[in-house]
Amino acid sequence: MELTLNSAVLNVEPSGIRRFTYLVRDTPGACGLTIGEPDLDTPEAVKEAAKAALDSNDTHYPPGNGYPYLLEAISKFEAERHGLHYSPEEIIATVGATESLFVIFSTLLNPGDEVIIPTPAFGLYESIVQLCRGVPVMLPTEKNRFQIDPEALKAAITDKTKAIILTSPNNPTGCIYTKETLDGIHDILLDKPIFVVCDDVYRTLTYTGDYHSFSEYQDMRDRIIIVQSFSKPYAMTGWRLGYCMADAPIRDRLQIFHQNCVTSVPSFVQRACVAALESDTKPVTELFRKRKEYVYKRLVDMGLEVQEPEGAFYMFINIEKYGMDSVTFCTKMLQEGLVGLIPGVYFGTEGYMRLSYCYSDEDLKRGLDRIEAFLKTL
Ligand code: PMP
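Counting restarts for each chain: residues are numbered from 1 in the order of the written sequence. Given that this is a predicted model, residues contribute local features only at a pLDDT of at least 70 and side-chain atom pairs are listed and counted only at 80 or more, while totals for whole chains, interfaces and linings are drawn from all residues. Excluding hydrogens and water, the side-chain values take into account all heavy atoms of the structure.

Engineer: Honestly, the overall build of the chain in this entry has me stumped. Any pointers?
Structural biologist: The secondary structure content of the chain amounts to 13 helices and 13 strands. Projected onto its principal axes, the C-alpha coordinates of the chain cover approximately 60 × 60 × 50 Å. Burial analysis of the chain (378 residues in total) assigns 55% to the buried set. Of all intrachain contacts in the chain linking residues separated by at least 6 positions in sequence, the fraction that spans at least 24 positions is 76%. Only four residue types enter the charge count: Lys and Arg as positive, Asp and Glu as negative, with His and the chain ends excluded. Charge positions are represented by NZ for Lys, CZ for Arg, CG for Asp and CD for Glu. The distance from the centre of the 37 positive side-chain charges to the centre of the 52 negative ones in the chain is 4 Å. Helix and strand assignments come from DSSP, with helices taken as H or I runs of at least 4 residues and strands as E runs of at least 2, each series counted from the N terminus. Burial classification: accessible surface area is computed with a 1.4 Å probe over protein chains only, and a residue below 20% of its type maximum counts as buried, one above 50% as exposed, and the rest as partly exposed. When checking whether two residues touch, look at their non-hydrogen atoms; a contact exists if any pair is within 4.5 Å.

Put into structure tokens, the structure is as follows:
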């Protein structure tokens, strides 16, 4: 008797990032600059709101898309802070941005539909698209300062293209798309039946006054789906909370997958989400801005080529001159220099490594000192 499983699941490789992070953890004496989450605690007011909800027995099934008060709070927050107008009926609270992504691609894709993923990219995009029986189409950006080249985008589009995912600020580069890039993408996609998934989960962590998201192009509202997360701005990674926003007809289909998948997000955390939306994220952004300046200067002083990030908390460092693939380089640096960074290939781009600056000043200094010492041995 042969037992068979879903071939889409069998074809997805376990996460290389996770494997490498475990390797760093299990290397005696090593320090890692690997994690992709703020090293801060969830704000007190957010925790208090969840505790109060628990104490008031807010522990029953909530409405599938989220309590109306939460959807209203998100709707108001998006309009007032980000100029995005989505009614509560156009929002779904999800289990992190990850569930949003899963719901979106499950809803959009028929087998064989193509999704354009500009690389380097957050690793889950590729596997989620594959699990949803879609075909990831990688669109390299590293030769174009991590901006999407309109000609390359045109060349990547086929009659099977169903969606493109835009991540700004980007994980792993920290780059944001310029207005010019976004205009170019808009001009190409305007008359095409292609969905644009805007993963803007690092939006509050931007270090420039000139941030634009593709979600602003509301003349394409029928094809735009926005993904947001409570994880990064409010140090809530473990709460697993996010949301997506889309034009009502699309949201109506997204909710079917969401409700069949998880029923809803937990009840008593939803008050905490409102408290999070009310909290001031400026001090967090300032903290990461200072770290970014320190890390960037150190890397440049070491002679490393790195584009100064304008958002998120990563740097994507070019290591091509050392003549090794990124896994070989990062493994060697871990074993000999006792410092761990994530190989760029796990984001779909060889010749780079990702540094996270979600670490204290002391840890960053120690990690950077070790990188510097290791480079001198090469
Ligand atoms: N999108 C991007 C670009 C990310 O980097 C991450 C997490 N690292 C996610 C989505 C998923 O976030 P969440 O914790 O909300 O599931």
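Engineer: What is the right way to look at the side chain of Asn65 in this model?
Structural biologist: Take Asn65: it is sitting in the loop between α3 (44–55) and α4 (68–82). Taking relative accessible area as the criterion, Asn65 reaches 9% and is therefore assigned buried. Under this definition, polar contacts are N or O atom pairs within 3.5 Å; protein pairs additionally need one hydrogen-donor-capable and one acceptor-capable atom, and for neighbouring residues in sequence, both atoms have to be side-chain atoms. Side-chain polar atoms of Asn65 contact the side chain of Gln259, separated by 3.1 Å. Apart from the residues lying within four places of it in its own chain, the contact partners of Asn65 are Leu71, Ile91, Ile92, Ala93, Arg251, Gln255, His258 and Gln259.

Engineer: Looking at this structure, how should I read the sheet that holds strand β5 (residues 161–167)?
Structural biologist: Two modes of strand pairing occur in sheets, parallel and antiparallel, and in both the strands are linked by backbone hydrogen bonds. Spatially, the seven strands line up as an open sheet ordered β2-β8-β7-β6-β5-β3-β4, and their pairing is mixed. Edge strands, defined here as strands with exactly one partner in the open sheet, are β2 (91–94) and β4 (135–140). Strand-to-strand twist in this sheet, taken as the mean axis angle between neighbours without regard to direction, amounts to 20°. Think of it this way: DSSP has to see at least two bridges between two strands before they count as a pair. Relative to strand β8 (residues 242–246), β2 runs antiparallel, the two sharing four bridges. By the bridge assignment, Thr94 is partnered in β8 with Gly242. Angular values range over 0 to 180 degrees, each being the angle between N-to-C directions of two axes fitted as lines to C-alpha atoms, with helices fitted over their stretch in contact. Relative to β2, helix α9 (residues 248–262) is tilted by about 25°, and along the sheet it contacts β2, β6 (195–199), β7 (224–229) and β8.

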